[in-house]
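Read off the chains here:
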Amino acid sequence: MAAAAEPGARGWLGGVSPRSGSPTSSPELGAGSRSRSGPGSGPGSGPERSGARPPGPAAPSHSFRKVTLTKPTFCHLCSDFIWGLAGILCDGWRVPSLGWRVPPCCLRGPCKHSSCLGASGTPTSPGRASCPQRQGILVCQTGSGPVCNFMSHEKCLKHVKTPCTSVAPSLVRVPVAHCFGPRGLYKRRFCSVCRKGLEALGLRCEVCELHVHPDCVPFACSDCRQCHQDGHREHDAHLHHWREGTLPSGARCELCRKTCGSSDVPAGVRCEWCGVQAHSVCSAALAPECTFGRLRTLVLPPACVRLLSRNFSKMHCFRIPEIAVPEPGDGEDSADGSVPAGPGREVGAPESGKQTLKIFDGSDAMQRNHFRTVTVPHLARSQEVLEAALRAYYIPEDPQGFQLQALPTPAQLGDTVAAGKVWSAGPAEEEGGRAAPQAWVLRALPRTQEILKIYPAWLKVGVAYVSIRVTPQSTARSVVLEVLPLLGRQAEGVEGFQLVEVLMDSRQVQRTVLADEEPLLDRLREIRQMSLRQMSQTRFYVAESRALAPRVSLFVGGLPPGLSPQEYRSLLDEAVASKAALVTVSHVYSTQGAVVLDVACFAEAERLYMLVRDTAVRGRPLTALVLPEVLHMKLAPDCRPLLVFVNPRSGGLKGRDLLCSFRKLLNPHQVFELTNGGPLPGFHVFSQVPCFRVLVCGGDGTVGWVLAALEDMRHRLACPEPAVAILPLGTGGVGWPGGGGGPAWRARCGGSLSCWFPGNDLGRVLRWGAGYSGEDPFSVLLSVDEADAVLVDRWTILLDAHEAAGGEDSEAEAEPPKIVQMSNYCGIGIDAELSLDFHQAREEEPGKFTSRFHNKGVYVRVGLQKISHSRGLHRALRLQVEQQEVELPSIEGLIFINIPSWGSGADLWGSDSDSRFEKPRMDDGLLEVVGVTGVVHMGQVQSGLRSGIRIAQGSYFRVTLLKATPVQVDGEPWVQAPGHLIISAVGPKVHMLRKAKQKPRKAGPPKDARADGAPAPKGDPK
């Protein structure tokens, strides 16, 4: 195996001899531990040394110093203003030099011993190994690292509990990768790495409240929420998941009830599950167990979800579309702040007297041409340049264990002397007048032994990790044998355990089981040779050698409907060549053209997933989703999880923000994006949940789509009648992907064009409002939890065309009978014609239909063009109600209404009493038939000046069309050929959720009202 540096290469500093000592253990991480993480805190780091603590009992690893304040500054602990000109700032983790005790004369200033002076006579830093007065006690540390920027009052230092950025990765209990979305502007948010405000474009996690600068992404902790069990370090109790700096300015601490939030600094912490807010100091006094707070009955607990996702990223597991986020080297603003090298791409000119160097951190960076830059003086000492390079890659280790080698050119790849040339301090020219290289590779010096941290893969243990010494003779098996007694498992045989290597990248956590005879020291050297930054993100676990049976559920949609299970299996074998021994078809949804596959191999599941997404069958692209398994037996008796469907293109793209908000407030496994597979995957995941509710975020067409899918799935659900709530998002034409309409969107919407139709009438009737106007998503979920269940009729419309519209050969072109579902209303004539003209105008110029006001204006313009138009609809159709012929008056439109809202809230039936008809209700099993005389009449109804012409009321209708006529059902318009329309009630009624009435507020102050003994107003009983 190649060494980290070539033989004979001279580094900046001499090698480091490991310190003798027995293996040590640390207190359990994440439980208020005050243990200090020294230079060996990183995984696979060098020898561990204790360091000198900063002034006062501060949090671990902070390097505080007094600074002069030049602008208004606030304390990151108490969020109060720092008065005066001096503050206490953490300027980053410490990169230690040799940790020897320094004489008092050296502590008060530069070392005055002659042996500590550099070649130029400049005093070196105190505590150098060459100081003759040194003593063998590890106290002094010098150097600096990446800026942590934690600012504090001097009086607050003793209360600081927030760890420095240097040790934050080592404090992660269970590494979970983040799901970064597209770059955006996030006001009043702070970077979780450098603690600075996100003034420019930043990134956020789609699952938790982590926000980072693009430059800080590679150094972010993999501390996202654990939303499911994957067979690694499973929890018996769910603990708080604290996130710092996400509190509003008016937030109050759960313990002391004082203000704990700030809009100026990242102060205070918040649990991302239950929403408890507290000061970082007060959070340690709260109970560690999380109860999920006010939304506990709606949240799907992580312990009740199982997903074996070894080969899948979190984006795949949570069904989040992968958006192209720039990776390092992909452009000017790469993900890690590097600039790609190569012809035509030059680094910006440095200041006078300084030079800019390109630093690579290993072979992988050289192959991908990814580097970071440092700017140093031309006459910078070797130690300064080396520390700057380590700082650029956030490596908090001893610089004596590293060196910089010149980047080999293609001609030098075979020349070990040229390729291994080491940086030396001095002028920027070499012998012969040639310029010194401007690109360098940061390498680790060969180590004969190391102190390595080994973590237990189970949580029922008194320590978070143990530290052992790794020598050239150490193998994975010998390490396990040495670690087990330290973890209290000495009575168990080593055959039942294995050593697992875990790469804790911020985007994906990868696990690799090491072979028993794997030389561990060579493995560490190989990782460092590939990437030094990767070494700092690698952790080693001792895990039980359990036989984990692979089982991955893949949802495949977009298949031809109406096939048998054998036909679907043959179709998949032909399209993606699935392996029969590893893949079984567990569920078939023939009417929707979808199947669920159970795959017994991780590699085969990954292959099928990637292949299905790039495959089309009979001209239709397939959809592939990784589905979790809900362990319904573990659900609490009072748990009623909420299944959320969001149309992200509804509501002027407000659906995208709601999608992210609901993923963070709930478990992301219970939030489904309708444009990615439709509602069927969500109902399949919840099919065994005994009791749940549904929230649909979208317009009337989206609601109808979900209700139709629920009707098809009802017989497969353990909860056959879940109540459905609505969050209206319809805007009248914003929902088409790519700004256009057509068959592609109809296919994605399950055949419904009504995603674009304005109205939200069902949401109005159920008190959810006319549309979403930016309410707090948390308040929306509370309203869903408190809503009352009501019944709403569902109707079936059979369309039986005798001949095709405008066809000469009626028998050849006759349309087959089809069935559509209706919840709101069905229109024949003028109102359907207006909807159809609106749709056609949008298809001609889709780019103009981007706002609600413009769409309303187009609708009015289309209506004005129809004022003088007369079709004589009463002569073009016949109506039968309960098998009795009904004579129609002179009308231009015939409308069947099921709810007391039509056309964005108009009352078409009217409120006047009539002895001929019963009072309309949504659950009476009756439809009201109303006629309109034209566009003017419709406008008067919209304005509340008139109502429609009451014609009939019944439960069975038969309409005979004598010629082709426009028809619309719940906003979906089309031209129906001559034939019959038969409207009848669907079997069971649908359970909907009606928002509870808000309690009226008293005019006077609440205290006065209680003092007068006035009774509290009561809301509607549930």
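Please read all numbers here as calculations on a predicted model, not as lab measurements.

## Considerations on the overall build of the chain
On a plain count of helices and strands, the chain comes out with 22 helices and 44 strands. Considering the chain as a whole, with its 1022 residues, one finds that 55% of them fall into the buried category. Residue pairs at least 24 apart in sequence account for 72% of intrachain contacts in the chain once pairs closer than 6 positions are excluded. Within the structure as shown, the chain displays about 44400 Å² of accessible surface, and the carbon and sulfur contribution to it stands at 52%.

## Focus: the state of the cysteines
Across all of its chains, the model carries zero disulfides by this definition. Unpaired in this structure, Cys 660 has its nearest cysteine sulfur neighbour in Cys 205, at a distance of 8.0 Å.

## Looking at the sheet that holds strand E11 (residues 354-360)
In space, the four strands of this open sheet follow the order E12-E11-E14-E13, with mixed pairing throughout. Looking at which strands have only one partner, the edges of the open sheet turn out to be strand E12 (372-377) and strand E13 (402-406). Across the sheet, the mean angle from the axis of one strand to that of its neighbour is 40°, orientation sign disregarded. As defined by bridge partners, E11 adjoins E12 across six bridges and the pair is classed as antiparallel. Opposite Gln 355, over in E12, you have Val 376 as the bridge partner.

## A short note on the packing of aromatic side chains
Tallied over the entire structure, the rule returns twelve aromatic pairs. Both rings, one in Phe 645 and one in Phe 672, keep their centres 6.2 Å apart while their planes meet at 45°; by these two values the pair is tilted. With Phe 645 in strand E27 (residues 642-646) and Phe 672 in strand E28 (residues 671-673), this pair connects stretches of sequence that are 27 residues apart. One aromatic cluster is present, built from ring pairs that chain together Tyr 455, Tyr 465 and Tyr 541. Taking NZ or CZ as reference, Arg 225 lies 4.3 Å from the ring centre of Trp 273, over its face. One residue, Arg 319, lies across the ring of Phe 672, its end atom 4.0 Å from the ring centre.

## Details of the sheet that holds strand E32 (residues 795-801)
The six strands lie next to each other as E33-E32-E43-E40-E35-E36, forming an open sheet whose pairing is antiparallel. Only two strands of the sheet have a single neighbouring strand rather than two, namely strand E33 (818-822) and strand E36 (884-886). Here the average twist between neighbouring strands, direction ignored, is 25°. Of the pairings in the sheet, the one linking E32 to strand E43 (residues 979-985) comprises seven bridges and is antiparallel in character. Across the sheet, Trp 795 pairs through a bridge with Ala 985, a residue of E43.

## Examining helix H14 (residues 700-713)
Helix length check: H14, at 14 residues, gives a terminal C-alpha distance of 20 Å against a target of 20 Å (1.5 Å per residue), a fit within 8%. For H14, the buried fraction is high: eleven of the 14 residues fall into the buried class.

## Regarding the pairing of strand E14 (residues 439-444)
Burial within E14 is extensive, with six of its six residues counted as buried. Residues Ala 439, Val 441 and Arg 443 point to one face of E14 and Trp 440, Leu 442 and Ala 444 to the other, with burial holding for every one of them.

## Considering the pattern of salt bridges
Summed over all chains, the structure comprises 37 salt bridges. With a shortest N-O distance of 3.9 Å, Arg 257 and Glu 254 are connected by a salt bridge. Glu 254 sits in the partly exposed class, given a relative accessible area of 42%. Several salt bridges share partner residues, and in doing so they unite Arg 204, Glu 206, Arg 656, Arg 663 and Glu 673 into one network.

## Quick word on unusual backbone geometry
With the exception of glycine, most residues fall at negative phi, and the peptide bonds are largely trans. Residue Glu 882 is not a glycine yet carries a positive backbone phi of 55°. With respect to the helices, strands and loops of the structure, Glu 882 is situated in the loop between strand E35 (877-881) and E36. You will see that Gln 883, though not glycine, has its phi angle at about 65°, which is positive. With respect to the secondary-structure elements, Gln 883 resides in the loop between E35 and E36.

## Structural notes on the confidence of the model for the chain
Detailed reading of the predicted coordinates is not advisable wherever pLDDT is low. When pLDDT is averaged across the chain, the result is 75; 72% of the residues are at 70 or more. Within the chain, the lowest mean pLDDT, 31, falls on strand E1 (residues 25-27), and the highest, 96, falls on E27. Low confidence marks residues 1001-1022, where pLDDT is under 50. Its contacts with residues over four positions away, or in another chain, come to 14 contacts.

## Re the nonpolar core
Val 212, Val 644, Phe 662, Phe 683, Leu 695, Leu 781 and Met 992 are the most contacted members of the largest nonpolar core, which totals 108 residues. Residue contributions to this core peak at seven residues, all from H14. Not counting residues within four places of it along the chain, the set of residues in contact with Leu 695 comprises Leu 642, Leu 643, Val 644, Phe 645, Phe 662, Ala 725, Ile 726, Leu 727, Leu 781 and Val 784.

## Section: the side chain of His 241
Here His 241 is to be found in the loop between strand E6 (211-212) and strand E7 (242-244). Under the relative-accessibility criterion, His 241 is labelled buried at 17%. There is a polar contact of 2.9 Å between the side chain of His 241 and the backbone oxygen of Asp 223.

## Some details on the environment of Leu 89
Mapping Leu 89 onto the fold places it in strand E3 (residues 86-90). Setting aside chain neighbours within four positions, we find Leu 89 in contact with Ser 63, Phe 64, Arg 65, Val 67, Asn 149, Phe 150 and Met 151.

## What about the pairing of strand E15 (residues 450-456)?
The two faces of a sheet get side chains in turn, since along a regular strand they alternate between them. Buried residues dominate E15, accounting for seven of its seven residues. Side chains Glu 450, Leu 452, Ile 454 and Pro 456 project from E15 onto one buried face, and the interleaved Ile 451, Lys 453 and Tyr 455 project onto a second face that is buried too. Bridge count for E15 against strand E16 (residues 463-470) is five bridges, and the pairing is antiparallel. If you follow Leu 452 over to E16, its bridge partner there is Ile 468. Bridge analysis of E15 against strand E19 (residues 538-544) gives three bridges, and the strand direction is parallel. Directly across from Ile 454, in E19, lies its bridge partner Phe 540.

## Concerning the environment of Arg 296
Mapped onto the elements of the fold, Arg 296 is located in the loop between helix H2 (280-283) and strand E10 (305-306). Polar side-chain contacts of Arg 296 include one of 3.1 Å to the backbone oxygen of Gly 293.

## Brief notes about the packing of helix H12 (residues 654-665) against helix H17 (residues 777-786)
Direction vectors running N to C along H12 and H17 enclose 65°, while the axes themselves pass 10 Å from each other. The orientation of H12 with respect to H17, classified from their angle, is roughly perpendicular. As H12 packs across H17, the resulting crossing turns out to be right-handed. On H17, the residues that touch Leu 658, Ser 661, Phe 662 and Leu 665 of H12 are Pro 777, Phe 778, Val 780 and Leu 781. Looking at the contact of H12 with H17 residue by residue, the classes come out as seven nonpolar, one polar and no charged.

Rules used in this analysis
- Every chain's residues receive numbers from 1 upward, in the order its sequence appears when written.
- Totals for whole chains, interfaces and linings use every residue, but because this is a predicted model, local features are given only for residues with pLDDT of at least 70 and side-chain atom pairs only at 80 or more, for both listing and counting.
- Calculation of side-chain values draws on the structure's entire complement of heavy atoms; hydrogens and water are dropped beforehand.
- Note on conventions: DSSP H or I runs of at least 4 residues are helices, E runs of at least 2 residues are strands, and numbering of each starts at the N terminus.
- A simple rule labels every residue: compare its accessible area, found with a 1.4 Å probe on the protein chains alone, to the largest value its type can have, and call it buried under 20%, exposed over 50%, or partly exposed in between.
- Here a residue-residue contact requires only that any non-hydrogen atoms of the pair lie within 4.5 Å.
- Method for areas: the Shrake-Rupley scheme with a 1.4 Å probe, in which residue coverage is limited to the protein chains shown.
- Cysteine sulfur atoms that pair up within 2.5 Å are treated as a disulfide.
- At least two bridges found by DSSP between two strands is the condition for calling them paired.
- Here the axes come from fitting lines to C-alpha atoms, over the contacting stretch only for helices, and the angles between their N-to-C directions go from 0 to 180 degrees.
- In summary, the pairing rule links any two rings of Phe, Tyr or Trp, Trp by its six-membered ring, whose centres are within 6.5 Å, and it sorts them by plane angle into stacked for under 30 degrees, edge-to-face for over 60 and tilted for everything else.
- The rule is short: NZ of Lys or CZ of Arg within 6 Å of the ring centre and within 35 degrees of the ring normal puts a charge over the ring.
- Multiply 1.5 Å by the residue count of a helix minus one, and that product is the helix's expected span.
- Salt-bridge detection follows one rule: a side-chain nitrogen of Lys or Arg within 4 Å of a carboxyl oxygen of Asp or Glu.
- Each residue carries a pLDDT score, the predictor's confidence in it, ranging from 0 to 100.
- Here, the term nonpolar core denotes a set of buried Ala, Val, Leu, Ile, Met, Phe, Trp, Tyr and Cys residues that are joined through side-chain atoms within 4.5 Å.
- Here a polar contact means two N or O atoms within 3.5 Å. Within protein one must be a hydrogen donor candidate and the other an acceptor candidate, and residues neighboring in sequence count only if both atoms are side-chain atoms.
- Oblique is the label for every angle not falling under 35 degrees (roughly parallel), over 145 degrees (roughly antiparallel), or within 65 to 115 degrees (roughly perpendicular).
- Should the near helix be turned anticlockwise from the far one by less than a right angle, the crossing is termed left-handed; should it be turned clockwise, right-handed.
- Under the scheme applied, nonpolar residues are Ala, Val, Leu, Ile, Met, Phe, Trp, Tyr, Cys and Pro; charged residues are Asp, Glu, Lys and Arg; polar residues are all the others, including Gly.

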